[in-house]
Amino acid sequence: MKTHRIAVVAGDGIGLEVMPEGLRALEAAASRFGIGLQFDHFDFACWPYYERHGQMLPDDWKEQIGSHDAIYFGAVGWPEKIPDHISLWGSLLRFRREFDQYVNLRPARLLPGMSAPLRRRDGTPYAPGEIDMWIVRENTEGEYSSVGGRMFEGSEREIVLQETVMSRHGVDRVLRFAFELAQSRPKQHLTSATKSNGIAITMPYWDERVAAMARQYPGVHVDQFHIDILCAHFVQRPDCFDVVVASNLFGDILSDLGPACTGTIGVAPSANLNPERRHPSLFEPVHGSAPDIAGRGIANPIGQIWCGAMMLDFLGHRKAHDALLQAIETVLASGGDAPRTPDLGGRASTADLGRAIAEVVGA
Ligand code: ATP
Ligand code: MG
């Protein structure tokens, strides 16, 4: 049996509280399905490490975690002590770039027992599973290039410039991932988001590459929307989407909006993937370190557990992934005295909910 080596980085705030529940669920799945998992814990990428060392990561961080099969990440950021741009750019965003994690993947799925904040136009609620989409965001270039600068700083002639960078290689590889994903799903539907009427050079290029790739996937139904109207559609008819692909900035927006359409941020997972597996991929919940509730043991651990399921899937263990997801759904669907954290309307602790899910996985 191959043992997968997992680098565990819990980070800050509630990352430290939800991570043990993620590990508990993973251990239950590993023992049920006979999967070898080795967890190596790292104490960097958090405020206490920064306080001791004046940087978020050790100089040899790439050597320390670069040969692992995956990185299981909690949350980074402690704005009271360290500005977000330092904590983020000094850790997570370096992982993304250096490990070429060019796909950011997030599901937005309505789970049973969760009340969606949205209603159909006729006022009826969506049923579990009716909202079920994957947001695929380009994660390494686009609008988040650091190309640009300032001139005449502080004067009335001040000029600020930041470029969008799209390479054929960079656009095609994320589109290929999205088309493959769409092809593997029952609806085989892919939606691309751009803004080609306003951003008239890079966005039409993205559209062109979508059209070129669509010819290689004749079974996939493709549509394209401008980002503004697509955001409106997400809210008004979120059940009409399957796989949605977008550039770095637009994907960033959609991948927060998508999960928000399905309920609490506490359940949403995400993956930063290097699909060729030349470098480790990173799996993290969508939520941040949530300083407002940190230290109280009430954070919802489902986002952390669900991204652990995505990690198992990526490592080739689809059945274990399905069992974990099923366990989350079973616990959420069971009414009565089922443990629910406050964001789900209950009074259970992080550990109560985590234990209940791990028990179902192991059963
Ligand atoms: P980031 O800076 O990482 O994007 P953020 O600081 O904008 O994140 P979060 O830390 O995710 O935001 O917190 C946003 C809100 O959601 C907070 O009120 C927080 O308490 C709540 N929240 C986040 N995660 C959870 C969770 N797992 N369980 C319950 N509530 C959560
Ligand atoms: Mg934050």
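Residues numbered from 1 in each chain as written. Chains lettered and ligands numbered in written order. Predicted model: local features only at pLDDT ≥ 70, side-chain atom pairs only at ≥ 80, totals over all residues.

What follows covers the packing of helix H1 (residues 15–33) against helix H11 (residues 318–333). Packing of H1 against H11 leaves a shortest axis separation of 10 Å and a crossing angle of 130°. With respect to H11, the axis of H1 lies oblique. Considering only the axes of H1 and H11, their crossing is right-handed. From H1, Ala-25, Ala-29, Arg-32 and Phe-33 reach across to H11, where they touch Lys-319, Ala-320, Ala-323 and Leu-324. By residue class, the composition of the contact of H1 with H11 is six nonpolar, no polar and two charged. (Axes fitted to C-alpha atoms, helices over the stretch in contact; angles between N-to-C directions. Helix = DSSP H or I, 4+ residues; strand = E, 2+ residues; numbered from the N terminus. Parallel < 35°, antiparallel > 145°, perpendicular 65-115°, else oblique. Left-handed = near helix turned anticlockwise from the far one by under 90°. Contact = placed C-beta atoms within 7 Å. Nonpolar A, V, L, I, M, F, W, Y, C, P; charged D, E, K, R; others polar.)

Take the site of ligand 1 next. Surveying the vicinity of ligand 1 reveals 16 residues, the closest of which are Gly-266, His-287, Gly-288, Ala-290 and Asn-300. In terms of residue class, the shell around ligand 1 is made up of six nonpolar, seven polar and three charged. (Near = placed C-beta within 6 Å.)

A rise of 1.5 Å per residue sets the reference length of helix H6 (residues 168–183), with its 16 residues, at 22 Å; its end C-alpha atoms lie 22 Å apart and thus fit the reference within 8%. When H6 is considered as a whole, its buried residues turn out to be Val-171, Val-174, Leu-175, Ala-178, Phe-179 and Ala-182. Projection of H6 onto a plane perpendicular to its axis shows the buried side chains occupying an angular sector of 140°, all on one side. Here the buried face of H6 lies against strand S4 (103–109), strand S5 (132–138), strand S8 (189–194), helix H7 (202–214) and strand S10 (243–246). (Expected span 1.5 Å × (residues − 1). Buried ≥ 20, exposed ≤ 12 C-beta atoms within 10 Å, placed from the backbone. Arc of directions from axis to C-beta.)

Burial runs high along strand S11 (residues 269–273): five of the five residues are buried. Burial along S11 is two-sided: the face carrying Pro-269, Ala-271 and Leu-273 and the face carrying Ser-270 and Asn-272 are both buried. With four bridges connecting them, S11 and strand S12 (residues 281–285) associate as antiparallel partners. Paired with Ala-271 across the two strands is Phe-283, which belongs to S12. (Pairing = 2+ DSSP bridges.)

A few words now on the sheet that holds S12. Each strand in a sheet pairs with another by means of backbone hydrogen bonds, the pair being arranged parallel or else antiparallel. Read from one edge to the other, the open sheet built from ten strands follows the order S2-S1-S3-S12-S11-S4-S5-S10-S8-S9, with strand pairing classed as mixed. Bordering the open sheet on either side are strand S2 (36–42) and strand S9 (221–226), each of which pairs with just one other strand. Going across the sheet, the axis of each strand differs from the next one's by a mean of 20°, ignoring polarity. Looking at chain direction, S8 and S10 are connected through four bridges and run parallel. For Ala-193, the partnering residue across the bridge sits in S10 and is Ala-246. Packed on one face of the sheet, H1 meets strand S1 (3–11), S2, strand S3 (70–75) and S12 and runs near 140° to S3.

All right, on to the environment of Arg-355 then. On the secondary structure map, Arg-355 appears in helix H12 (residues 350–362). For Arg-355, a count of 19 C-beta atoms within 10 Å translates into the label partly exposed. Each C-alpha atom of the pair Arg-355 and Lys-81 lies 32 Å from the other, and the pair is 274 residues apart in sequence.

Here we come to the confidence of the model for the protein. Interpreting fine coordinate detail is not advised for predicted regions of low pLDDT. In this model, the protein carries an average pLDDT of 95, and 100% of its residues clear a pLDDT of 70 or more. If you check the scores for this complex, the pTM reads 0.95 and the ipTM reads 0.95. (pLDDT = per-residue confidence, 0-100.)

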